[in-house]
Amino acid sequence: MVKRSEVTWRVNSSTCREQVQVRSTPDLFTVEAGADNSYSFDLTGCLVRASWGGYLRRWGLDGSCLEKSLKNPKSRKYLSVADGLARAASGYAQAKVLCEELAQVPPSPWDTVMVRVGESGVQLIESRSARFARIYAPVGILPPDQYGALLLQLTVGCRYNRCAFCTFYKDQRYRVKTPTEFSQHIDAVLDLVGEAINRRYSVFLGDANALGLAPAELLCAMEMINARLPIGPGQIEGIYSFMDVFGPRIYSAREFAALRCLGLRRVYIGAESGSPSVLRALRKPVDPVLLEQAVYHAKEGGVGVGLVFLLGAGGERLGDVHAEETAELLARLPLDGRDVVYFSELVVDPLSDYARWAQAEGVQPLDGQALRRQEAVMRSGLKPFCEGGPALTRYDV
């Protein structure tokens, strides 16, 4: 990743209570008058994040918004596109007031951006939101460390789409883009992002299982990406994607190595549990033996893995076996510092098949204390990161 140097200058103001401050990095321009009156824009003039009225807000490419309380960061709300754009309109109006306080024009290219923000305002982000809806199918889910990635949808939806607990892709028909479609999609995404491409440090190849394709198809797609985007140090750091282990075949170590040469850095697997009993309850056709094989092949090919396990899956009835067999599985895997293990609390959709199963069987969910104990047991099967083990983190959906 390119080191982002920051330039800061302050401007005296006769009308603003606090001194107006401007900060800039190569990819972000911020104008602010205190921590709770701050607005950041990318090179296209689109609002990226802002804080006012006691809340920090971050916008996605689609115009939706994550709103968090500055006093209680755990208090968060996801706003729809319509509500996100309404918040953005307020942000642009307040940022314009601060920009008008500046007695000097910021250096290029931010001088042009500031003019664009003043003249077009929220229309900038509204236009991008409308284009996003034409370019992308509904986005299901991304790993937490890839929220800022450049998303390219090689596939749409989920090939399996029958897990009892998951509703992310229920209304989408699975399909794979043709080479021509994917080529046009890449061009459209790059045009959408425009000059703000320098804020994207990785590519996420979606949707739910791009690595379920035949190796030749995936290699062709990754060659298209390489032809348009620079992959390497100080540029796009790499390509990342989900992978399942219950498709027609598992990639060999040699195939992973070929993908590594084209920029593949990590694959994410929804392992969910090391217990066959829990996996049956989740209707997830993962064989722990095949999961081990897939992880070994990826590691031998030089590709890292991200494994997701569901805390609370199977409720009280299967809680102990879920924790113990998951810990045993993790202890057998050759994980190191390039890998990440995610622990995600199961969020049960009341309309899901899992919810109906739990109700019919009288399965009670785990309370917070039991979830913490379960996670501790699972973690016990792993070496600490400081001793060469994988990174361990929560995955909040």
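Residues numbered from 1 in each chain as written. Predicted model: local features only at pLDDT ≥ 70, side-chain atom pairs only at ≥ 80, totals over all residues. Heavy atoms only, no water.

**Remarks on the sheet that holds strand E9 (residues 150-153)**
Line of reasoning, step 1. One open sheet holds the seven strands; their spatial order is E9-E12-E13-E14-E15-E16-E17, and the pairing between them is parallel. The two strands at the open ends of the sheet, each matched to only one other strand, are E9 and strand E17 (391-394). Geometrically, the sheet is characterised by an average inter-axis angle of 20° between neighbouring strands, direction not taken into account.
Line of reasoning, step 2. Two elements, strand E12 (residues 203-206) and strand E13 (residues 239-242), share three bridges in a ladder whose sense is parallel. Following the sheet pairing, Val203 is matched in E13 by Ile239.
Line of reasoning, step 3. Helix H4 (residues 179-193) rests against E9 and E12 of the sheet, and its axis sits at about 155° to E9.
Line of reasoning, step 4. Contacts from helix H5 (residues 215-228) reach E9, E12, E13 and strand E14 (264-272), with the element oriented near 145° to E12. (Pairing = 2+ DSSP bridges. Helix = DSSP H or I, 4+ residues; strand = E, 2+ residues; numbered from the N terminus. Axes fitted to C-alpha atoms, helices over the stretch in contact; angles between N-to-C directions. Contact = heavy atoms within 4.5 Å.)

**Brief notes about the confidence of the model for the chain**
Line of reasoning, step 1. Chain-level pLDDT for the chain is 91 on average; 95% of the residues reach the 70-or-more range.
Line of reasoning, step 2. A low-confidence stretch, residues 9-16 (pLDDT under 50), is modelled with 24 contacts involving residues beyond four sequence positions or located in other chains. (pLDDT = per-residue confidence, 0-100.)

**A look at the environment of Pro138**
Line of reasoning, step 1. Position of Pro138 among the secondary structure elements: in the loop between helix H3 (123-135) and E9.
Line of reasoning, step 2. Along the chain, Pro138 and Gln172 lie 34 residues apart, while their C-alpha atoms are 8.4 Å from each other.
Line of reasoning, step 3. With near-sequence residues (within four places) excluded, Pro138 lies in contact with Gln153, Gln172 and Asp207.

**Digging into the packing of aromatic side chains**
Line of reasoning, step 1. For the coordinates displayed, the defined rule picks out 13 aromatic pairs.
Line of reasoning, step 2. For the ring pair Phe41 and Tyr92, a centre distance of 5.5 Å and an interplane angle of 50° mean the geometry is tilted. Here Tyr92 lies in helix H1 (residues 81-99) and Phe41 lies in strand E4 (residues 37-41), a separation of 51 residues in the sequence.
Line of reasoning, step 3. Look at Phe41 and you get buried, because its relative accessible area is 0%.
Line of reasoning, step 4. When the centroid spacing of 6.5 Å and the interplanar angle of 40° are considered together, the rings of Tyr240 and Tyr268 count as tilted. Here Tyr240 is found in strand E13, whereas its partner Tyr268 is found in strand E14, with 28 residues between them in sequence.
Line of reasoning, step 5. According to the relative accessible area criterion, Tyr240 is buried, its value standing at 11%.
Line of reasoning, step 6. Ring pairs connect the aromatic residues Phe204, Tyr240, Phe242, Tyr268, Tyr342 and Tyr395, which therefore count as one cluster.
Line of reasoning, step 7. Cation over ring: Arg57 sits above Trp52, and NZ or CZ is 4.0 Å from the ring centre. (Phe/Tyr/Trp six-rings, centres within 6.5 Å; stacked < 30°, edge-to-face > 60°. Buried < 20%, exposed > 50% of the residue type's maximum accessible area, 1.4 Å probe, protein only. Lys NZ or Arg CZ within 6 Å of the ring centre and 35° of its normal.)

**Some remarks on the packing of H3 against H4**
Line of reasoning, step 1. The geometry of H3 relative to H4 is characterised by a closest axis approach of 10 Å and an angle of 170° between their N-to-C directions. In terms of orientation, H3 lies roughly antiparallel with respect to H4. Along its contact with H3, which presents Arg128, Arg131, Phe132 and Ile135, the element H4 presents His185, Ala188, Val189, Asp191 and Leu192.
Line of reasoning, step 2. Of the residues in the contact of H3 with H4, the class split is five nonpolar, one polar and three charged. (Parallel < 35°, antiparallel > 145°, perpendicular 65-115°, else oblique. Nonpolar A, V, L, I, M, F, W, Y, C, P; charged D, E, K, R; others polar.)

**Digging into the side chain of Asn161**
Line of reasoning, step 1. If you trace the backbone, Asn161 turns up in the loop between strand E10 (155-156) and strand E11 (175-176).
Line of reasoning, step 2. For Asn161, a relative accessible area of 18% gives the class buried.
Line of reasoning, step 3. At 3.0 Å, the side chain of Asn161 and the backbone oxygen of Tyr169 are in polar contact.
Line of reasoning, step 4. In contact with Asn161, other than residues within four places in its own chain, are Tyr169, Lys170 and Gln172. (Polar contact = N/O pair within 3.5 Å; in protein donor to acceptor, adjacent residues only side chain to side chain.)

**Side note on the pairing of E14**
Line of reasoning, step 1. Taken across its nine residues, E14 has eight buried, putting it largely inside the fold.
Line of reasoning, step 2. Where E13 and E14 come together, four bridges link them in parallel fashion. Paired with Phe242 across the strands is Tyr268, a residue of E14.
Line of reasoning, step 3. Taken together, E13, helix H6 (residues 253-261) and E14 constitute a β-α-β crossover, and its handedness is right-handed.
Line of reasoning, step 4. With five bridges joining them, E14 and strand E15 (residues 304-311) adopt parallel strand pairing. Bridge pairing in E15 places Glu272 opposite Phe309. (Right-handed = clockwise from strand over helix to strand, strands pointing away.)

**Digging into helix H8 (residues 288-300)**
Line of reasoning, step 1. Across its 13 residues, H8 extends 18 Å between first and last C-alpha, which sits within 8% of the 18 Å expected from 1.5 Å per residue.
Line of reasoning, step 2. The complete set of buried residues in H8 reads Pro288, Leu291, Glu292, Ala294, Val295, His297, Ala298 and Lys299.
Line of reasoning, step 3. Taken together, the buried residues of H8 touch H6, E14, helix H7 (276-282), E15 and helix H9 (315-332).
Line of reasoning, step 4. Its side-chain oxygen 2.9 Å from the backbone nitrogen of Val289, Asp287 forms the N-cap of H8.
Line of reasoning, step 5. Just downstream of H8 lies Gly302, where phi reads positive at about 85°. (Expected span 1.5 Å × (residues − 1).)

**Some points on the pairing of strand E8 (residues 76-79)**
In summary, the side chains of a regular strand alternate between the two faces of the sheet.
Line of reasoning, step 1. Sheet topology note: the strand E7 (residues 65-69)/E8 ladder contains four bridges and is antiparallel. When the bridges of E8 are listed, Leu66 appears paired with Tyr78.
Line of reasoning, step 2. Hairpin connection, E7 to E8: the antiparallel pair is bridged by six residues.

**Points about H1**
Line of reasoning, step 1. In this model H1 runs 26 Å from its N-terminal to its C-terminal C-alpha over 19 residues, within 8% of the 27 Å that 1.5 Å per residue would give.
Line of reasoning, step 2. Among the residues of H1, Gly84, Leu85, Ala88, Gly91, Tyr92, Ala95, Leu98 and Cys99 are the ones counted as buried. Within H1, the buried residues cover an arc of 125° as seen down the axis, which keeps them to one side. (Arc of directions from axis to C-beta.)

**Comments concerning the nonpolar core**
Line of reasoning, step 1. Counting 89 residues, the largest nonpolar core has Phe182, Leu205, Ile225, Phe256, Leu291, Leu307 and Leu335 as the members making the most contacts within it.
Line of reasoning, step 2. Ranked by residues supplied to this core, first place goes to E15 with six residues.
Line of reasoning, step 3. When residues no more than four places from it in sequence are discounted, the contact partners of Phe182 are Leu152, Gln153, Leu154, Lys177, Leu205, Ala221, Met224 and Ile225.
Line of reasoning, step 4. Counting residues in hydrophobic clusters, the runner-up holds 29 residues, among them Leu85, Leu98, Val113 and Val117. (Core = buried A, V, L, I, M, F, W, Y, C linked by side-chain atoms within 4.5 Å.)

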